[in-house]
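Chain and residue survey
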Amino acid sequence: MTREVVVSAPAKINLSLGVGPVRRDGYHPLATVYQAIGLYDEITVRPAASTSLTVSGEDIDVSEVPTDGSNLALKAAALLGARHGVDEGVEMHIRKRIPVAGGLAGGSADAAGALVACDALWGTNTAREEMLAIAAELGSDVPFCLVGGTAIGSGRGELVAPAMTRGKYWWVLALADGGLSTPAVYREFDRLHDASPVPEPEVPNDLMTALRSGDVEKLGKSLSNDLQQAAFGLRPELEELLELGVQGSAHGALVSGSGPTCLFLAETETHATQVRDWLSSSVPTIVYAPGPVPGARVMR
Ligand code: ATP
């Protein structure tokens, strides 16, 4: 029987996303609180003479996902293989549920999933520190997608430290038609701050206090995203949608990362279905998911 490894890789959200002044290397320094949520892409790998990739979508459009060497998951496999001198190819399939260019780090999740999958397939047993270093080379969100849970991200987001938290939350996700380009949102952020100096980013104390106590109402009030105004600039309709969700009993609402996905906080699964139903006439696609969940994991 052909050897096969299947990994599930969760989407990430940012409970706070503090963005600082652009650095000399072109990146913006971040102070963020990540949370992994139960919306998963599935990455399957099998040994093959040469490397190939196919991508399918579960209720989402995957036409913008590249299947050549520019796919972050194939880059991850190539980088891990090069570190260990593996010259075997992989046949990879990605079953996507995480919307593309939705501010949910779908590509980064696939890269983290591919690292875990190939490491298991090749039996390379890469040490955790090395996995994190390879992940950081692939992209700012990839180390967190390996780690999962709730964590503080600094640097350009690649330096990850687990956060002390209590409780389980439910997130209702309003998925927009079409994605938003992360670089375009950062350009809009820079334009909006052209005349005013941007302070160094910080993780808000009230957010950490809410997470430590597991208080969903306080958490809802302390969510923040410095990219939100920039996302509104490119998609003005998102601002009204957030207000609508709060009117419909969500404890808090914010744009996910660089958008355009909008997040609404609920206390229980039943509450999440109420918020979903309230929003359903205004949004074409809504899903809900619990958080936090662990990072990319081998399923079989
Ligand atoms: P982030 O919040 O990390 O900036 P995002 O969630 O907004 O990312 P992704 O879903 O990661 O966006 O996709 C951004 C772009 O990355 C896509 O438009 C696509 O061209 C490219 N890409 C490369 N590899 C992948 C992948 N495995 N899955 C999805 N997109 C990928």
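Everything below is about the structure printed above this text.
What you are looking at is a predicted structure, and each value in this text was computed from that prediction instead of being measured.

Basis of the calculations
Residues numbered from 1 in each chain as written. Predicted model: local features only at pLDDT ≥ 70, side-chain atom pairs only at ≥ 80, totals over all residues. Heavy atoms only, no water. Phe/Tyr/Trp six-rings, centres within 6.5 Å; stacked < 30°, edge-to-face > 60°. Helix = DSSP H or I, 4+ residues; strand = E, 2+ residues; numbered from the N terminus. Buried < 20%, exposed > 50% of the residue type's maximum accessible area, 1.4 Å probe, protein only. Lys NZ or Arg CZ within 6 Å of the ring centre and 35° of its normal. Near = heavy atom within 4 Å. Polar contact = N/O pair within 3.5 Å; in protein donor to acceptor, adjacent residues only side chain to side chain. Areas by Shrake-Rupley, 256 points an atom, 1.4 Å probe, with all protein chains shown as cover. Nonpolar A, V, L, I, M, F, W, Y, C, P; charged D, E, K, R; others polar.

Let us look at the packing of aromatic side chains. For the coordinates displayed, the defined rule picks out two aromatic pairs. Aromatic side chains Tyr34 and Phe144 sit 4.5 Å apart centroid to centroid with 10° between the ring planes, which places their arrangement in the stacked category. Residue Tyr34 is located in strand β2 (residues 30-48), and its partner Phe144 is located in helix α4 (residues 142-147); the two are separated by 110 residues in the primary sequence. Exposure remark for Phe144: the relative accessible area of 1% places this residue in the buried category. Between the aromatic rings of Trp170 and Tyr288, the centroid separation amounts to 5.9 Å while the plane-to-plane angle is 65°, which identifies the pairing as edge-to-face. Note that Trp170 is positioned in strand β7 (residues 169-175) and Tyr288 in strand β11 (residues 285-291), a separation of 118 residues in sequence. Judged by relative accessible area, which is 12%, Trp170 ranks as buried. When the ring centre of Tyr27 is taken as reference, the NZ or CZ atom of Arg156 above it lies at 5.0 Å.

Taken together, 19 residues sit near the ligand, with Ala101, Ala105, Gly107, Asp110 and Thr182 positioned nearest. For the ligand, an oxygen atom lies 3.4 Å from a polar atom in the backbone of Glu64. A distance of 2.7 Å is found between an oxygen atom of the ligand and a side-chain nitrogen or oxygen belonging to Thr182. Contact with the protein chains hides 78% of the accessible area of the ligand, taken as 610 Å² for the molecule alone. The greatest single-element share of the shell around the ligand, amounting to four residues, is contributed by helix α2 (residues 106-122). Per-class residue counts for the shell around the ligand are eight nonpolar, seven polar and four charged.

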